[in-house]
Amino acid sequence: QTLRGAMKSALLAACVLAAALVASGSSTPYKRGDPVPLFANKVGPFANPSEQYEYYTLPFCAPREEERKSQHLGEVLAGDRMMKTLYQLPFLIEFTGRKLCSYTLDPPDIEAFQNAIDGDFYFEFIYDDLPVWGFIGEKETEIVHGAEQTVYYLFTHYIFSITHNGNQIVEVNWEHDPESRLDITDATGEMPVTFRYSSKWVKTHLPSRDHVVKDTQQHLEIRWFSIFNSIVTVLLLTGFLATILMRVLKNDFLRYAKGEEEQAVETDESGWKLVHGDVFRYPANRELFSAILGNGVQLLCLVIGVLFLACLGVYSHYNRGALFVAALLIFAFTSGINGYVCGAMYAKMEGSNWVWSLLLSYFLFLGPFFVMATFLNFVAVAYNSSTALPFGTVVIILLILTLVSFPLCVIGGISGRNFSAPFAAPCRTTKMPREIPQLPWHRQGPVQVLMAGFLPFSAIYIELYYVFASVWGHKLYSLYGILTLVFVILIVVTSFITISLTYFQLAIEDHHWWWRSLFSGGSTGFFIFCYCIYYFNFKAKMNGFMQTSFFFGYMGIVCFGAWIMLGTVGFYSSLTFVKYIYRSIKCD
C-alpha cells in the first residue's frame, strides 16, 4: 500500500509538471522575411560531452556588444550559455556566400584554432530552439618534401540547410563548403581570414518538428528484437524459478501440516518454519535501514514520474533542459514520501531516536549527491567550462531543497511516525535469537548478493548502451516506451529474484534476511557500475581529468541511487512474501 500510494503521488506530480513543460516545445509560426535569430551556444571536444566552453572562447568574430539569450533553469543546468551572433537567416530567404566578417588571426588565435582541431572540437548553434551542430575544422596528413606533416584547415564557409513546412521551421542542418578551407598550419605570423555563410530552404510535408524521425527503421527493428529477446529470456528464467518455488512451497505446507497433525518429533526437521521466532526480529541499525527504504521509495517515484513525462512527449531535442527541471521538482515534491516511509518503518520497528532517523533519510542520498556535484562544479570552474553552474542557479537549487524538500520530508516523517499502522507480524519473536548453522561458501551472503544482481542486469544491459550513448554522447534518445518497458521488467525481475533468494536463505535456517534482501535487490547497481567501467574504456573515447571525473562522479551517484531503489523493491517484495508464508502455517 505504501508503494502504491507513492506511485500515485509521483504520477500526480508528473501530470502537474507536464502541463508546464509540454507547451515549451512548440515551434513559432513565421512569415517570409521574418528575422529568426541564430544563437551560439557552446564548443567542446566531440568525445567529451561534459567538457563544454562558451562559443566565443575561440577567436571567432563576435558582435561588438555581448547579448545573451534569457534562459530558463533547465537550459542553465544543461550547460547552455547562448549568445547572439552576427549571422542573419531570415525566414525563407535564400542566399549564397554572404560575408559574415573579415579580420586578422594573430599567432595565439591560430594556435587556439589548431588546439581545437586537435581536440576534434564541435560547435552548437541554436536556431528557433533547434540545435545545429558542426565542426571547427579538420586536419590531414600530407607528404611535404618527403616527410609527413599535419596540415590544419579551418572551415570558413558555413551552409545552413533549413527545412520548413510553410510557416514553421522543422529541422536545421549544417555543412561546410569543402572548397572554402583556410590553411592555418603556419602559426608564426598573422593570417587574414574571411567567414561566409549560405542559406538553403527546403519544403517538407511534415506537419511539425515532432514528426522528424531520427532513428532509421532498421535501427528500430534491432532495438525491438533485442528487447524482445531479453523479455523472452527473463520470462523463461523467472517462470522456471516460479514453478520450482511454488512446488517447494506446496510441499513445505503439506509437510508442516502433516507434522502438526501427527505431532511428529522435530529433532530431525529442518526448514524455514523453525526460524518463525526469529524471522521478524528487527534488524540492526534501524535508523539507517528505515532511511534507505524512505530514499528508495522516493527514487522509485522519481523514476516513475520522469518516465511518465517522457511518454507524454515532454522531453525532446528542442525542449532543452526539461528533464533536469522535471527531475529536480519531482525529487523535491516527493521528499514527503521519503519522510513518511522512513518515519512509518522506524515506528513499526519501535525505534526511539526518530529525529536522527529523519535527518539521515533526508541526507542519505542528497548528501553524497551534493558533495559530488559541488566537487565537479569546482572542476568545471577550474577548466573555465560553461558546464559550471552560476552562483544564482546554485542559490535557486538550494532554496528549492531548503524551502520545499526539507519541510516536506519533516512533515512526512511526523505523519508516518504518528499515523502508521503497527507491524503486525504473523509470529511472535522469541527473546533469544536462534543460532544459524554453518553454511557452505556458495550459500553465504556475498555470493548470494552477487548472484541476485546478474539476472536483473541481463534484462537491461542492451538498452543501457543506448541510454549511455545519449547521456554521454551525441545521440538523441526518443524511444521512451521501450525504456519504460525495460524498467518494468527490471522491477519485476528484481522483485522475483530477491523473493527466491530470501526463501532459500530461510530454508537453511538463516533468519538474517532483512539486510540481505536489501543488498540482494540493490546489487544490480554494482553491475551497472561495472558496465560504466567497460563503457568508458571500450565503447567511449572520453579522455582528460574533467570528463573522467564527470563520468565516474555522476555515474557513481546514479549507481548508488539504483542500489537504494532496487534494494527497497527487493526488501518490500521479500517482506510481503515472508508474511504470506508464515500466515499460512500455525506458529507456536
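Structure: see above.
This report concerns the structure included in the present document. Bear in mind that the values here come from a model prediction, so they are computed numbers and not experimental data. (Residues numbered from 1 in each chain as written. Predicted model: local features only at pLDDT ≥ 70, side-chain atom pairs only at ≥ 80, totals over all residues. Heavy atoms only, no water.)

### Some remarks on the overall build of the chain
Right, on to step 1. Counting its regular elements, the chain contains 14 helices and twelve strands.
Right, on to step 2. Out of the 588 residues in the chain, the part that is buried amounts to 50%.
Right, on to step 3. For the chain, the proportion of contacts with a sequence separation of at least 24, taken over those separated by at least 6, is 80%.
Right, on to step 4. Accessible area for the chain stands at about 28,500 Å²; split by element, carbon and sulfur atoms hold 62% of it. (Helix = DSSP H or I, 4+ residues; strand = E, 2+ residues; numbered from the N terminus. Buried < 20%, exposed > 50% of the residue type's maximum accessible area, 1.4 Å probe, protein only. Contact = heavy atoms within 4.5 Å. Areas by Shrake-Rupley, 256 points an atom, 1.4 Å probe, with all protein chains shown as cover.)

### Observations concerning the state of the cysteines
Right, on to step 1. As enumerated under the stated definition, the model contains one disulfide in all.
Right, on to step 2. In this model Cys 61 forms its disulfide with Cys 101; the gap between the sulfur atoms is 2.0 Å. What sets the handedness of the Cys 61 and Cys 101 disulfide is the S-S torsion sign, and at about -75° it is left-handed. Of this pair, Cys 61 sits in the loop between strand 2 (53-54) and helix 2 (73-77) while Cys 101 sits in strand 4 (residues 95-105), and the two are 40 residues apart along the sequence. (Disulfide = S-S within 2.5 Å.)

### Quick word on the nonpolar core
Right, on to step 1. Ranked by size, the top nonpolar core spans 99 residues in total, and within it Tyr 315, Phe 468, Phe 551, Phe 571 and Tyr 582 carry the most contacts.
Right, on to step 2. Per-element tally for this core: the top contributor is helix 14 (residues 545-583), with 17 residues.
Right, on to step 3. Both domain 2 (213-253 + 444-587) and domain 3 (285-424) contribute no fewer than three residues apiece to this core.
Right, on to step 4. By size, the runner-up hydrophobic cluster in this structure holds 47 residues, among which are Tyr 53, Leu 58, Tyr 127 and Phe 195. (Core = buried A, V, L, I, M, F, W, Y, C linked by side-chain atoms within 4.5 Å. Domains from an automatic or database assignment.)

### Examining the pattern of salt bridges
Right, on to step 1. A complete count under the given rule lists nine salt bridges for this structure.
Right, on to step 2. When the shortest N-O distance is used, the salt bridge between Arg 281 and Asp 278 registers 2.6 Å.
Right, on to step 3. Judged by its relative accessible area of 23%, Arg 281 falls in the partly exposed class.
Right, on to step 4. Take Asp 278: its relative accessible area is 4%, and that puts it in the buried class.
Right, on to step 5. One salt bridge connects Asp 510 with Arg 516, and the closest N-O pair in it is separated by 3.1 Å. The burial state of Asp 510 is the same as that of Arg 516; both residues are buried.
Right, on to step 6. Bridged by salt links that share partners, the residues Glu 54, Glu 66 and Arg 68 form one connected network. (Salt bridge = Lys/Arg side-chain N within 4 Å of Asp/Glu carboxyl O.)

### Some points on the pairing of strand 7 (residues 137-144)
Consecutive side chains of a regular strand alternate in pointing toward one face of the sheet and then the other.
Right, on to step 1. Of the pairings in the sheet, the one linking strand 7 to strand 8 (residues 147-155) comprises eight bridges and is antiparallel in character. Looking across to strand 8, one finds that Thr 141 is bridged to Thr 150.
Right, on to step 2. In this structure, the hairpin formed by strand 7 and strand 8 is closed by a connection of two residues, where His 145 is found at a positive phi of approximately 55°. (Pairing = 2+ DSSP bridges.)

### Some thoughts on the sheet that holds strand 7
Right, on to step 1. Here we have three strands laid out as an open sheet, ordered 7-8-11, and antiparallel in their pairing. Of all strands in the sheet, those bounded by a partner on one side alone are strand 7 and strand 11 (181-183). Averaged over all pairs of adjacent strands, the angle between their axes in this sheet comes to 35°, without regard to strand direction.
Right, on to step 2. Note: strand 8 against strand 11, three bridges, orientation antiparallel. Bridge pairing in strand 11 places Tyr 153 opposite Asp 183.
Right, on to step 3. Against the sheet, helix 3 (residues 107-118) engages strand 7 and strand 8, with an angle of about 105° to strand 8. (Axes fitted to C-alpha atoms, helices over the stretch in contact; angles between N-to-C directions.)

### A word on helix 11 (residues 480-507)
Right, on to step 1. Here helix 11 spans 41 Å end to end across 28 residues, near enough to the 40 Å set by a 1.5 Å rise per residue.
Right, on to step 2. Within helix 11, 20 of the 28 residues are buried, which leaves the element mostly enclosed by the surrounding structure.
Right, on to step 3. Count one or two residues on from helix 11 and you reach Glu 509, which has phi positive near 65°. (Expected span 1.5 Å × (residues − 1).)

### Focus: the pairing of strand 6 (residues 130-135)
Right, on to step 1. Here strand 5 (residues 121-127) runs beside strand 6; their pairing, made up of six bridges, is antiparallel. By the bridge assignment for strand 6, Phe 123 is matched with Gly 134.
Right, on to step 2. The turn linking strand 5 back onto strand 6 is made up of two residues, and Asp 128 within it adopts a positive phi angle of 55°.

### What to know about unusual backbone geometry
Right, on to step 1. Phi at Leu 92 takes a positive value of approximately 70°, unusual for a residue other than glycine.
Right, on to step 2. On the basis of relative accessible area, Leu 92 is assigned to the buried category, the value being 18%.
Right, on to step 3. In this structure, Asn 384 takes a positive phi of about 55° despite not being glycine.
Right, on to step 4. With respect to the secondary-structure elements, Asn 384 resides in the loop between helix 8 (354-382) and helix 9 (391-419).
Right, on to step 5. Of the residues examined, Asn 384 reaches a relative accessible area of 60% and is grouped as exposed.

Just distances and angles here, no functional claims.
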